[in-house]
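# Analysis of the macromolecular model
Spelled out, the chains give:
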Amino acid sequence: MEDFHFSPFPSLCWAPLKLKTLARDTGLHYGYSPMLALLRPYRGWILALLVLGLVSNAASLILPSLIGQGINLFTSHEGLPDFLLAEFLTTTMVVGLLSSLQNLVQAYTSEKVARDLRGELSEKVSRQSYTFILERDPARLLTNFTSDIDNVKLFVSQVISGLLSSAVVLVGASILLVRLNWKLGLAVLTIVPLIAVTFALVLRRVRPLFKQATAALDGLNKVIEKSIVGAALVRVLNSQEQENAKFSVANRNARDVRLTIVKNFSLMIPVVVFLSNAGSLIILLLGGRYVLDGFMTLGDLAAFNSYLALLIFPIFVVGFMSNLIAQAQTSYGRVREVLDSPEPEPVQLVSEPIEGRVEVCDVHFSYGEKEVLKGITLELKPGSRNAVVGPTAAGKSQLLMVMSGLLPPSSGTVRYDERYKPSQVARQIATVFQESALFRGTLGENIAFSPRADTEAWEKAMETAELADFVKKLPDGLDTLVSERGTTLSGGQKQRVTLARALLMEPKVLLLDDFTARLDPTTEARVRKNLVTNYPEMTILAVTQRIATILDFDQIALMMEGRILAQGTHQELLSTSPEYAQIYDSQKSTHQYE
Amino acid sequence: MNELLAPERRTLIWAGGAILLTSALNLGAPAVIAHAIDGPLTRGDYRGVLEHGALLLLMYLVALVTQNFQTLRMGSVGQRVLFRLRGQVFEKLSQLPVAFFDRHQTGDLISRINNDTDKVNQFFSQSLMQFVGSFATMLGAAVFLLGLNPKLGMATLAPAVVMLILTRLLSPWIKRRNAVSLKTTGELSSEVNESLANFKVIVAFERRDFFRQSFSEINATNTEQAMKAGVANGILAPIYTFCSQLGQLVVLGLGLSMVSRGQFSLGLLIGYFVYVNRFYDPMRQLAALWASFQAAGAAYERIAEVLEDSSSLPVLDRDSVTSEVPKGRLEFRDVGFGYRPGQSVLSDVDFCLEVGKTYAFVGPTGGGKTTTASLMARLYDPVTGAIFLDGRDLRSYSGQERSDKIGFILQEPYLFGETVGDNVESLMELEGLFPEGLATPIEGLSLGQRQVVAFLRAVSRNPDLLILDEATANIDTVTEGILSEILARLPSTTTRVVIAHRLNTIENADAIFFVNAGRVQLAGSMEQAVCLLRHESRSS
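Next up on the list: the overall build of chain A. When helices and strands are counted, chain A shows 20 helices and eleven strands. Compactness check: chain A gives a C-alpha radius of gyration of 36 Å against a globular reference of 25 Å for 594 residues, more than 25% above the reference. When its C-alpha atoms are laid out on the principal axes, chain A stretches across 115 × 50 × 50 Å. Expressed as a percentage of its 594 residues, the buried residues of chain A come to 48%. Counting only contacts in chain A whose residues sit at least 6 apart along the sequence, the fraction spanning at least 24 positions is 79%.

Before going further, it helps to spend a moment on the overall build of chain B. Helices and strands together make up the secondary structure of chain B, namely 15 helices and ten strands. The C-alpha atoms of chain B give a radius of gyration of 35 Å, which is well past the 24 Å a tight globule of 540 residues would have. Projected onto the principal axes, the alpha-carbon positions of chain B cover approximately 115 × 55 × 45 Å. Looking at chain B as a whole, 48% of its 540 residues qualify as buried. Within chain B, contacts between residues at least 6 apart in sequence are counted, and of these 77% link residues at least 24 apart.

This next bit is on helix H7 (residues 138–180) of chain A. Look at H7(A): 60 Å from first C-alpha to last across 43 residues, which is about the 63 Å you get at 1.5 Å a residue. At A:Asn144, H7(A) shows its maximal kink, close to 40 degrees.

With that settled, the discussion passes to the interface of chain A and chain B. Each side of the interface is counted separately: chain A has 135 residues, and chain B has 127 residues. Element by element, the count of residues in the side of chain A that touches chain B is highest for helix H11 (residues 240–293) of chain A, at 27 residues. Its residues placed into classes, the side of chain A that touches chain B shows 62 nonpolar, 48 polar and 25 charged.

This part is about unusual backbone geometry. For A:Glu466, which is not glycine, the phi torsion reads 55 degrees and is therefore positive. With respect to the element layout, A:Glu466 can be found in the loop between helix H15 (455–464) and helix H16 (468–473). Assessed through the 23 C-beta atoms surrounding it within 10 Å, A:Glu466 is described here as buried. Of note, the phi angle at B:Ala517 is positive, near 50 degrees, even though the residue is not glycine. With respect to the helices, strands and loops of the structure, B:Ala517 is situated in the loop between strand S9 (511–516) and strand S10 (519–523).

Residue and element names in this part refer to chain A. In terms of strand pairing, strand S1 (residues 358–367) meets strand S4 (residues 411–416) through five bridges, oriented antiparallel. When the bridges of S4 are listed, Val 360 appears paired with Val 414. Note that S1 and strand S2 (residues 370–380) share eight bridges and pair antiparallel. Bridge pairing links His 364 to Lys 374 in S2. Counted between consecutive antiparallel strands, the loop separating S1 from S2 contains two residues, among which Gly 368 sits at a positive phi close to 65 degrees.

This next bit is on the sheet that holds strand S8 (residues 495–499) of chain B. Residues and elements named next belong to chain B. Overall, mixed pairing links the six strands, which are arranged S6-S7-S8-S3-S9-S10 in an open sheet. Taken across any chain shown, the strands that pair with only one partner, and hence form the sheet edges, are strand S6 (406–409) and S10. Strand-to-strand twist across the sheet, computed as the mean angle between neighbouring axes with direction ignored, equals 20 degrees. Where strand S7 (residues 465–469) and S8 come together, five bridges link them in parallel fashion. Looking at S8, one finds that Ile 467 is bridged to Val 497.

Here we take up the nonpolar core. Of all hydrophobic cores here, the largest spans 303 residues; its most connected members are A:Ala500, B:Ile467 and B:Val497. When residues in this core are grouped by element, the largest group, 19 residues, is from H11(A). Every residue in contact with B:Ile467, bar those within four places of it in the chain, is listed here: B:Ala373, B:Met376, B:Ala377, B:Gly407, B:Phe408, B:Ile409 and B:Val497.

All names here are of chain A. Within the open sheet, the six strands sit side by side as S5-S8-S9-S3-S10-S11. Their pairing is mixed. In the strand order of this sheet, the two ends are held by strand S5 (429–432) and strand S11 (563–568), each with one partner. Adjacent strand axes in the sheet meet at a mean angle of 15 degrees when their direction is disregarded. Taken together, the four bridges between strand S3 (residues 385–389) and strand S9 (residues 539–543) define a ladder with parallel strand orientation. Bridge pairing in S9 links Asn 386 to Leu 541. Seen against the sheet, helix H17 (residues 491–503) touches S5 and strand S8 (509–513) and runs at an angle of roughly 180 degrees to S5.

Residues and elements named next belong to chain B. An ideal rise of 1.5 Å per residue puts 20 Å on 14 residues; helix H13 (residues 447–460) measures up with 20 Å between its terminal C-alpha atoms. In terms of burial, H13 is a largely internal element, 13 of the 14 residues being buried. Asn 462 sits one or two residues past H13 and shows a positive phi near 55 degrees.

Attention now moves to the environment of B:Pro413. All names here are of chain B. By the secondary structure assignment, Pro 413 is in the loop between S6 and H13. Taking the C-alpha atoms as reference points, Pro 413 and Gln 449, separated by 36 residues in sequence, lie 9.5 Å from one another. The residues contacting Pro 413, other than those within four sequence positions of it, are Arg 450, Gln 451 and Ala 454.

With that settled, consider the packing of helix H3 (residues 46–95) of chain B against helix H10 (residues 266–307) of chain B. All names here are of chain B. Their axes nearest at 9 Å, the elements H3 and H10 cross at an angle of 35 degrees. Contacts between H3 and H10 involve Leu 85, Gln 88, Val 89, Lys 92 and Leu 93 on the former and, on the latter, Ile 303, Val 306 and Leu 307. Across the contact of H3 with H10, the residue classes tally to six nonpolar, one polar and one charged.

With that out of the way, let us pick up the environment of B:Tyr359. All names here are of chain B. Position of Tyr 359 among the secondary structure elements: in strand S3 (residues 358–362). Here the alpha-carbon distance between Tyr 359 and Asn 508, two residues 149 residues apart in the chain, equals 8.9 Å. Among all residues touching Tyr 359, those that are not within four sequence positions of it are Leu 353, Arg 496, Val 497, Val 498, Ala 509, Asp 510, Ala 511 and Phe 513.

A few words now on the packing of helix H6 (residues 150–197) of chain B against H10(B). The description of two helices packed together rests on the angle between their axes and the distance between the axes. Residues and elements named next belong to chain B. Where H6 contacts H10, the axes come no closer than 8 Å and their chain directions differ by 25 degrees. Between H6 and H10, the angle falls in the class roughly parallel. Between H6 and H10 lies a crossing of right-handed hand. From H6, Thr 156, Ala 160, Thr 167, Ser 171, Ile 174, Lys 175, Asn 178, Ala 179 and Leu 182 reach across to H10, where they touch Val 276, Met 283, Trp 290, Ala 291, Gln 294, Ala 295, Gly 297, Ala 298, Ala 299, Glu 301 and Arg 302. A per-class count over the contact of H6 with H10 returns eleven nonpolar, six polar and three charged.

We now examine the confidence of the model for chain A. Per-residue pLDDT for chain A averages 83, and the proportion of residues at 70 or more is 91%. Overall, residues 1–32 of chain A carries pLDDT values under 50, and its contacts beyond four positions in sequence, including any with other chains, amount to 45 contacts.

The next point concerns the environment of A:Leu380. Residues and elements named next belong to chain A. Looking at the element boundaries, Leu 380 is found in strand S2. Residues Leu 380 and Val 360, spaced 20 residues apart in sequence, show a C-alpha to C-alpha distance of 8.5 Å. Once residues lying within four places of it in the same chain are set aside, the contact partners of Leu 380 are Arg 357, Val 358, Asn 386, Thr 539 and Leu 541.

The rules we used
Residues numbered from 1 in each chain as written. Chains lettered and ligands numbered in written order. Predicted model: local features only at pLDDT ≥ 70, side-chain atom pairs only at ≥ 80, totals over all residues. Helix = DSSP H or I, 4+ residues; strand = E, 2+ residues; numbered from the N terminus. Rg over C-alpha atoms; globule rule 2.2 N^0.38 Å. Buried ≥ 20, exposed ≤ 12 C-beta atoms within 10 Å, placed from the backbone. Contact = placed C-beta atoms within 7 Å. Expected span 1.5 Å × (residues − 1). Bend = angle between axes of the 7 residues up to and from the residue. Nonpolar A, V, L, I, M, F, W, Y, C, P; charged D, E, K, R; others polar. Pairing = 2+ DSSP bridges. Axes fitted to C-alpha atoms, helices over the stretch in contact; angles between N-to-C directions. Core = buried A, V, L, I, M, F, W, Y, C linked by C-beta atoms within 7 Å. Parallel < 35°, antiparallel > 145°, perpendicular 65-115°, else oblique. Left-handed = near helix turned anticlockwise from the far one by under 90°. pLDDT = per-residue confidence, 0-100.

Here it is in structure tokens:
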């Protein structure tokens, strides 16, 4: 009886102590709290999950006692009462029902957590700047959305209930052991901290490896994506072997990191098993001594053995879970990094239409260490048509991206109507990029970015981009499906689609990056004329190679090596800028046809 | 699947042996303890107890080694199989024709190579080991159950038969659920991949709302399917538990009645329960493992879809050589082509390109110029008719031969590696365009710069037939002049095909083809070509 009062305390202290040390040594300490914060909104469901798990486990523990009862009743009354069978059957059915319910709740809760986390991540990404995506690396973000969140999901569905059930059984079995014989109980329980230390040591070594493993996965994603995007070229150059070699390196990296993880776990699991087996040895040797010395009965010794079996199972569960925990922690850390990244200040979009005046004032921009724009100053009057010409790599595209707000200038300003930043008037500026990016979906969806576009605006945009006739001829019209690398549209058609997309926004300022490069001269001339007729008030800035297409523009800027060398109308530049005249001469031979 | 495992056969046998040994040691240890309690301990012989303890320690130590061995081997097998599987899928991807990529989304393919192979891996590295272990324990217990009392044994095992039947019935359904879920995961991956790749457009057009909306739709679908798969994967476990408890009930009821009839002793019955648990406990574990097996199967089918895709362009025998054809001639004979069945992009195309000449292909956008060029480089095969190079069907050239003979500069320049130097060995007189020369990183290059690199890469390979598809569209005219000089330096036997809208690039052509509405016609002169361009109605 003395033991009875004394014994529960050490055992109660053991378990939390163990969890605490485990937490500190493995870094769960850090990983857990945000992870638990993540779960807070679902505490109702998680509670249901825990209760269901505990109740069905507890109910299944009734069965052995019913069997024992049956055997006892049988020996004393020489018969098996029906009520016992009924009780047995009821318990079985309740257990089945509860665990089925647990299965449902588990699938629901874990998927819900994953869905919400993915949703949150997509919201976050959607608010981010273009430069953030570039710096963060799309391949890595893709892993965040897929494997990383899957690992968190696995944590919710497997770890939480498994860990709690294990903790309860662990504490319960410890209490029983210590109550039975506190000395032997404590001796057996020494294996628990030893096991905890083993976990801690291995997990500490494995955690950075999991980080490497996910990074290796990012690397794989990148190689795969590149080789798919460049598929046509790989075939033209017959460079499959080089691509395979690159993939092999990434693939081997991924394998080697994983093999190191396997090595660590293949050390940990047997050691943990050995330690728990050592418990049986302690019972036999120390318990045997007690029995021989008359401190303990043989029956108690047998009971000790069966309780130890109860104790071991949850330790194993924790062991298997440690893998999942380490993985989920790493993954959640990666997702959290994105979620916690600073985002651009939300800007109040200016609702009243701007006039369309643009001032670029001493803009500098660097790509890495290389300065691409070296002090650009440019003024566009409302409704004017302007052009930037210049050699390849002069920085023309970067200038457009700075003006549209995609890239932040390292110094200098871009102002619309003398007071607005590009982001404030984002809906009133439209850009047509050199590469025509199409999204999977219908042609109509690819054009109608603007939710407020009406029929008239549609027709005007389609006519201007010379798409109306083309779409009419398509059997499915605007519902024609286009895809990522689709073959439905030719290069020139894609370019016109992106122009229509821009025009449908009814922008006050239109930025065109060499958009006529893939149009034949006739179509190009028509599009040019349409723009003047249909959108007379729009301010236009066109980057182009062909001077012939901009002869009548209000202002032409000649750009070279990140600087504007000369500015003026075509006639003015011909007399003031020898470089301009030279470029113009080099194109002259073709003018007779254009 | 077999070829993936074949190199691992030895490892698997060794690991299997280790698993059996570990299981035997684990089953044997309780017997040693029981023997120690029944024997020396009851007799009061502590020395005997110590001897048993020493034996036990030895067994545990051996188990430590065997278990380490089995975990390491089986885990490594999983990783190596995964390594080979990923390599196979990737190699296959690099052999598939361009048309395959027109049909599949990048994100979905990434999902297949990474996510789906990982599902297969999970089965190999974690589940298979438990699978074998559980199965071994189960079989051992079954032998004991039937051996101790065949009649009671059979009755005990009856619920297991029910389980087996249910498993067989439910497995296809579980697999289907997983397949659907993996498919929507692939779609989700595609959506994310596409949006991230085109993020510039999303930002510039304030399409963020659209991205959020379309993502939340696919996210919801994906979640719904994943929940269904999760439910399916969990359905067996409660059934197995139910059956295992039914097994205990059978032993209790039937066993006691047998005891009352004197056919069985009570002590034996208590022992019998131990073996019932030894049989049904691993079986319950198998329930969870079986679901992971089904998921791996569904994943493997998605991978196999890629591995077994037979749409690759086969290399024909060389029989079709017609010898009287002058060397280097490229000939289109009655070529018809469409990207999809029923679609006609080119029809009845007939023309001949002679060695060393320069040909220009002009025409309105969407007329079929790029398609014609793609057929010349055999990115696709004609649907009807055939293309001959040197009198040999283009389809009879190996990939290496073809890439030696034909250079194709595509509309969208794509560069390999990290730096310009990974793509070309020399920048010739264009060094000035690249601030760090060959060491200039690819990221941050303008479209024009990338076109220059792609141009130099193709030219430096010195092909017999060089196709330029709008290859210099975004390059300034001065640089373009340098490029035409480089082009002019190519040997006189090089045939050049130029597709361009800028007429200066084609004014030196020996012949001009006008491509419109799927037809290729020879224009007599530059003037006629321009006239055709001006007056032929655009069919696009």
